Number of protein chains: 2
Amino acid sequence: MSAHVRQVSPFRWEGIGVAPYKHVGTHFAGITRQLLFDGGDGLSCQLRYFEIEPGGYSSLERHHHAHAIMVVRGSGRVLIAEEIADLAINDLVRVPPLTWHQFRADGAPLGFLCMVDCARDIPERPDAAALAALRADPVIAEFIRI
Amino acid sequence: MSAHVRQVSPFRWEGIGVAPYKHVGTHFAGITRQLLFDGGDGLSCQLRYFEIEPGGYSSLERHHHAHAIMVVRGSGRVLIAEEIADLAINDLVRVPPLTWHQFRADGAPLGFLCMVDCARDIPERPDAAALAALRADPVIAEFIRI
């Protein structure tokens, strides 16, 4: 990439494509991905921008790698382990290893940066037992989308 | 850190201190540092927030590690190698290895995120020969602060 990449319209950058969140699946909705920095030059991490439209959500998943997230557009909510938090601009979210998490946008879009290691494991989705455990809490049961 | 860290006032976060840019030196001015994410849980990178007040500047320096930067507040300019670019909100900047670079804020503050490997080398400042080479270009000569 060039040394300087301009934002050409809100949250769109020159030369950076808007990609599907994941290639296949019906366990997410209304979410796109843009890869802002893809490691290189010895840099061990990627920086991605995800945007969820109102009513959309990311996968309910967990994995060994950690996420470091900063909200940069709109608002929304996130489930991390057993906590549901309201998210506002510039809030930070840390998703520890093997922790169930899911992001949702409600009345506004939710755009966030996510820093993640270039080398990382594949996310795991909840099986029936994990879903039952999550749904034991009625607030979480109402929140999650699968 | 907690899983969710709120922004408590613009570009200030609960529990995250505002630190000096560097511990000692007179080769920078009007710049602060906040460490938003400090690796951990296997994450190889840090995410820092730097803010330069109008008239301020970061060190003119280079190093082996790469920087991946996103402007999130205000505007400014950056020197990367032999290019001076105007920076606006959400612009991205990649600083390759061993490339002289310096950020400056002009009429507005300049706030930016910087993703960087946790394990990295110490920056190098230009010696007389490097400064003379940089100053061979009158535009760069006018821009740089040491």
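Further up the page is the structure itself.
Please read these numbers as outputs of a predicted model, since none were measured by experiment.

If you had to explain the overall build of chain A to someone new, which residues and values would you point to?
A tally of regular secondary structure across chain A gives two helices and 12 strands. A globule of 146 residues ought to have a C-alpha radius of gyration of about 15 Å, and chain A, at 15 Å, matches this closely. Projecting the C-alpha coordinates of chain A onto the three principal axes gives extents of approximately 50 × 35 × 30 Å. The buried share of chain A, taken over its 146 residues, is 49%. Across chain A, every contact between residues at least 6 apart in sequence was considered, and the portion connecting residues at least 24 apart equals 62%. When the accessible surface of chain A is split by element, carbon and sulfur atoms take 54% of a total near 6,200 Å².

An account of the interface of chain B and chain A is requested, with residue identities and associated values reported.
With 42 residues of chain B at the interface, the matching set in chain A holds 42 residues. A combined buried area of about 3,500 Å² lies between chain B and chain A, and 61% of that area is made up of carbon and sulfur atoms. Counting every contact that joins chain B to chain A gives two salt bridges. Residues Arg 94 of chain A and Asp 41 of chain B are paired through a salt bridge, measuring 3.4 Å at the closest nitrogen-oxygen approach. Run the count over chain B and chain A and you get 23 residue pairs in polar contact (both at pLDDT 80 or more). When contributions to the side of chain B that touches chain A are tallied by element, the ones reaching two or more residues are β1 (4-5), β5 (29-40), β6 (43-57), β7 (67-74), β9 (83-87), β10 (92-95) and β12 (110-117) of chain B.

Before we move on, could you go through the side chain of Thr 99 of chain A and cite the residues and values that matter?
All names here are of chain A. Relative to the elements of secondary structure, Thr 99 occurs in the loop between β10 (92-95) and β11 (101-104). Thr 99 gets classed as buried once you look at its relative accessible area, which sits at 12%. Here Pro 97 takes part through its backbone oxygen, which lies 3.0 Å from a polar atom of the side chain of Thr 99. Not counting the four nearest positions on each side in its chain, Thr 99 is found in contact with Glu 61, Arg 62, Ile 80 and Ala 81.

How would you explain the environment of Thr 99 of chain B if you had to name every residue and give the values?
Separated by 19 residues in the primary sequence, Thr 99 of chain B and Ile 80 of chain B have C-alpha atoms spaced 6.6 Å apart. Contacts of Thr 99 of chain B, omitting those with residues within four sequence positions, involve Glu 61, Arg 62, His 63, Ile 80 and Ala 81 of chain B.

Describe in detail the nonpolar core, supporting the description with residues and values.
Ranked by internal contacts, the top residues of the largest apolar core, which has 32 residues, are Trp 13, Leu 36 and Met 115 of chain A together with Trp 13, Leu 36 and Met 115 of chain B. Elements with a minimum of two residues in this core: β5 (29-40), β6 (43-57), β7 (67-74) and β12 (110-117) of chain A together with β5, β6, β7 and β12 of chain B.

Now, about the packing of aromatic side chains: what can you tell me, with residues and values included?
All names here are of chain A. Counted by the stated rule, this structure contains 14 aromatic pairs over all chains. With 5.6 Å between their ring centres and 70 degrees between their planes, Trp 13 and Tyr 49 make a pair best called edge-to-face. Of the two residues, Trp 13 is situated in strand β3 (residues 12-13) and Tyr 49 in strand β6; the sequence distance between them amounts to 36 residues. With respect to burial, Trp 13 and Tyr 49 carry one shared label: buried. Put simply, the rings of Tyr 21, Phe 28, Phe 50, Phe 103 and Phe 112 touch in pairs and so form one group of aromatic residues. Lying across the ring of Phe 143, Arg 104 places its NZ or CZ 5.1 Å from the centre.

About the cut-offs
- As a convention, each chain's residues are numbered from 1 in the sequence order in which they are written.
- In the order they appear in the text, chains get letters beginning with A and ligands get numbers beginning with 1.
- Side-chain atom pairs in this predicted model are given and counted only at pLDDT of 80 or more, local residue features only at pLDDT of at least 70, and totals for whole chains, interfaces and linings cover all residues.
- For the side-chain quantities, the full set of heavy atoms in the structure was used; hydrogens and water were omitted.
- Secondary structure elements are taken from DSSP: a helix is a run of H or I of four residues or more, a strand is a run of E of two residues or more, and numbering for both begins at the N terminus.
- For this measure, only C-alpha atoms enter the radius of gyration; the expected value for a globule follows 2.2 Å times N^0.38, where N is the number of residues.
- Here the term buried applies to any residue with accessible area under 20% of the maximum for its type, exposed to any over 50%, and partly exposed to those in between, with areas from a 1.4 Å probe on protein chains only.
- By definition, residues are in contact when any of their heavy atoms lie within 4.5 Å.
- Method for areas: the Shrake-Rupley scheme with a 1.4 Å probe, in which residue coverage is limited to the protein chains shown.
- Values labelled buried area give the accessible surface lost by two parts on being combined, using a 1.4 Å probe and summing over both.
- Take a side-chain nitrogen of Lys or Arg and a carboxyl oxygen of Asp or Glu: if they are within 4 Å of each other, that pair is a salt bridge.
- In protein, a polar contact means a hydrogen-donor-capable atom and an acceptor-capable atom, both N or O and within 3.5 Å, with residues adjacent in sequence counting only if both atoms are side-chain atoms; elsewhere, any N or O pair within 3.5 Å suffices.
- Side-chain atoms within 4.5 Å are what join buried Ala, Val, Leu, Ile, Met, Phe, Trp, Tyr and Cys residues into a set we call a nonpolar core.
- For Phe, Tyr and Trp, rings pair up if their centres lie within 6.5 Å, where Trp contributes its six-membered ring, and each pair is then called stacked (planes under 30 degrees apart), edge-to-face (over 60) or tilted (otherwise).
- Criterion for a charge above a ring: Arg CZ or Lys NZ at most 6 Å from the ring centre, at most 35 degrees from the ring normal.

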